[in-house]
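Remarks on the overall topology
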Amino acid sequence: MFNQILWWIGNAIEALILARSIKGKLYEKYPAFYFYLSTVLLIELLRFAAYTFQPSLHRLLYWYTEYLVAIIGYGVILEIYKHALKSSHGAGRIARIFLLGLLATVMLKVTANALANPVWSPATTLAELERDLRVVQALLLLVIVALLAYYRVPVGRNLKGIAFGYGLYVCASVMSLAFGSLPAFALRPEWRYVQRIAYLAALFIWGSALWSYQPIPHPEIESEIERNYKILAGHTRRVLSRALSFLKMGGEL
Amino acid sequence: MSQLLPYLFLGLLLSAVLAWWVWDAIVHRRAAEVLAPRQHRSSVRSIGLQRDLGERIFGPEDWDFVSSETTWEIHRMFQHERTVLAIAWLRRTRLQVSQVMRAHLAVAQHSEDLKLATEMRLAMSYLLFLVLCNSLIGWVWLYGPVRTRKIIGQTLQWAAQLRGAFEQLMARVDPASCRVVGANLNHETVRS
């Protein structure tokens, strides 16, 4: 019953967000996100139909569509990256280095696993496969959000809502799927509620953040000389080393 | 159960970063505009001017005079007031350095030739500065500037003794590599 209530509320909010996007033409600004949301809604309805008319198919359909949703979720992350770091060339450059490093690490791990075990399968259980997909998403989001927070990159209300809501959902998914992959928890459905509640929270965040379009603010840089990174980094380094030397002086008193 | 730890850690780390991001956005909502680079330059100058003040606050001259010429009550009053002053000075220094760092980040994010290594070094220096500054504030608050000065001075003395003992040990165990270690240590000392 509780699950059904969550399910209906979730679908209603999804439909509302999609309706608002049509009214405010937000889907033109964030197409990957709205494609993701539409897919989730369609899949939910498909699952409902399967559960009602062909219950034997439901379990299989559930897991396969879970992967599909997780894979489409990568598009949302790509969209966050593209929009948020569009005008921040420096932060974008660092993000690219980290993301390529992450991609290389994941590929190395997959290759090493395949070589170590010739009959290696992508995952022992279906929950493990989804968990691994979500782990990579969590790492990607971690890099992007950490850079946005560190450099205080100005992102509009819309993008902030998308990133925060999706981050929250991915975070809850990683933790709940980790529990779900344990044999003791796999047969108990309670751990799936965490993911569903987190998704509902994300929907509320998206609903409020994407009510209307808000452009991403672009800060102005005062003069050309301030763009010179070498001069700027030199100044900052001098200030920091001077400040550190004060404290060291304090320590030697 | 232990295989869950990396996933739980990742989940908690992501939620902490998200919380930091949102908190930072709420706190600095009104100051969302980019900090003027002028602030960067003025902070550089004011940090230079503050050095004399810091030397005076932590310096032994005033305390030597007060401890030799006045009563116990004046000692206590002096220590209390000096503690307040020292903490205010440390907080002000921390604020000014933070402003410089913020101004740097606001401009650096747009820079085409931003260097990852330089940014990492700056971030580490800033982190070290914050740790040191906050530790000093804690020490001064707990023990007052006079005792803090003595404790830290003693700690540095022990560190120097330990380093000397380590060098002697290395000289006995491996005389060849000792020269390299010694040279590196000396180089670090010169640089610092």
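Residues numbered from 1 in each chain as written. Chains lettered and ligands numbered in written order. Predicted model: local features only at pLDDT ≥ 70, side-chain atom pairs only at ≥ 80, totals over all residues.

Turning our eyes to something else, we now look at the overall build of chain A. Secondary structure summary: chain A contains nine helices and zero strands in total. For chain A, the succession of helices and strands along the chain, N to C, is α-α-α-α-α-α-α-α-α. Looking at the 253 residues of chain A, the share that counts as buried comes to 37%. Put simply, 77% of the contacts in chain A that link residues at least 6 apart link residues at least 24 apart. (Helix = DSSP H or I, 4+ residues; strand = E, 2+ residues; numbered from the N terminus. Buried ≥ 20, exposed ≤ 12 C-beta atoms within 10 Å, placed from the backbone. Contact = placed C-beta atoms within 7 Å.)

Running from N to C, helix 6 (residues 157-180) of chain A and helix 1 (residues 5-27) of chain B point in directions that differ by 160°, and their axes come no closer than 8 Å. Overall, the two elements helix 6 of chain A and helix 1 of chain B adopt an arrangement that is roughly antiparallel. Crossing of helix 6 of chain A over helix 1 of chain B shows left-handed handedness. Of the residues in helix 1 of chain B, those touching helix 6 of chain A at Lys160, Phe164, Gly167, Leu168, Cys171, Val174, Met175 and Ala178 of chain A are Tyr7, Leu8, Leu10, Gly11, Leu14, Ser15, Leu18, Val22 and Ala25 of chain B. Partitioning the contact of helix 6 of chain A with helix 1 of chain B into residue classes produces 13 nonpolar, three polar and one charged. (Axes fitted to C-alpha atoms, helices over the stretch in contact; angles between N-to-C directions. Parallel < 35°, antiparallel > 145°, perpendicular 65-115°, else oblique. Left-handed = near helix turned anticlockwise from the far one by under 90°. Nonpolar A, V, L, I, M, F, W, Y, C, P; charged D, E, K, R; others polar.)

With 87 residues, the main nonpolar core has Ala138, Ile144, Val145, Ile162 and Val174 of chain A as its most contacted residues. By residue number, the principal contributor to this core is helix 6 of chain A, which donates 15 residues. There are two domains that each give this core at least three residues, and those are domain 1 (2-220) and domain 2 (222-253) of chain A. Contact partners of Val145 of chain A, with chain neighbours within four places excluded, come to Ala163 and Gly167 of chain A together with Val17, Leu18 and Trp21 of chain B. (Core = buried A, V, L, I, M, F, W, Y, C linked by C-beta atoms within 7 Å. Domains from an automatic or database assignment.)

Moving on to the environment of Ser21 of chain A. Residue and element names in this part refer to chain A. With respect to the secondary-structure elements, Ser21 resides in helix 1 (residues 2-24). Look at Ser21 and you get buried, because 22 C-beta atoms sit within 10 Å. Separated by 189 residues in the primary sequence, Ser21 and Leu210 place their C-alpha atoms 7.7 Å from one another. Among all residues touching Ser21, those that are not within four sequence positions of it are Leu26, Tyr27, Tyr34 and Leu210.

When two helices pack together, you describe them by how their axes are tilted relative to each other and by the distance separating the axes. Residues and elements named next belong to chain A. Here helix 1 crosses helix 2 (residues 31-53) at 145°, and the two axes come no closer than 10 Å. As helix 1 runs across helix 2, the sense of the crossing is left-handed. Residues Asn11, Glu14, Ala15, Ile17, Leu18 and Ser21 of helix 1 form the contact with helix 2, whose participating residues are Tyr34, Leu37, Ser38, Val40, Leu41 and Glu44. Residue classes in the contact of helix 1 with helix 2 are distributed as seven nonpolar, three polar and two charged.

Attention shifts here to helix 2 of chain A. Residue and element names in this part refer to chain A. Between the first and last C-alpha of helix 2 there are 33 Å, a value that for 23 residues agrees with the 33 Å anticipated at 1.5 Å per step. Within helix 2, the full set of buried residues consists of Phe33, Tyr34, Tyr36, Leu37 and Val40. Of the surrounding elements, those touching the buried residues of helix 2 are helix 1, helix 3 (55-84) and helix 6. (Expected span 1.5 Å × (residues − 1).)

Considering every residue of chain A, the mean pLDDT works out to 82; 85% of them sit at 70 or more. Least confident of the elements in chain A is helix 7 (residues 183-186) of chain A, whose mean pLDDT is 66; most confident is helix 2 of chain A, at 92. (pLDDT = per-residue confidence, 0-100.)

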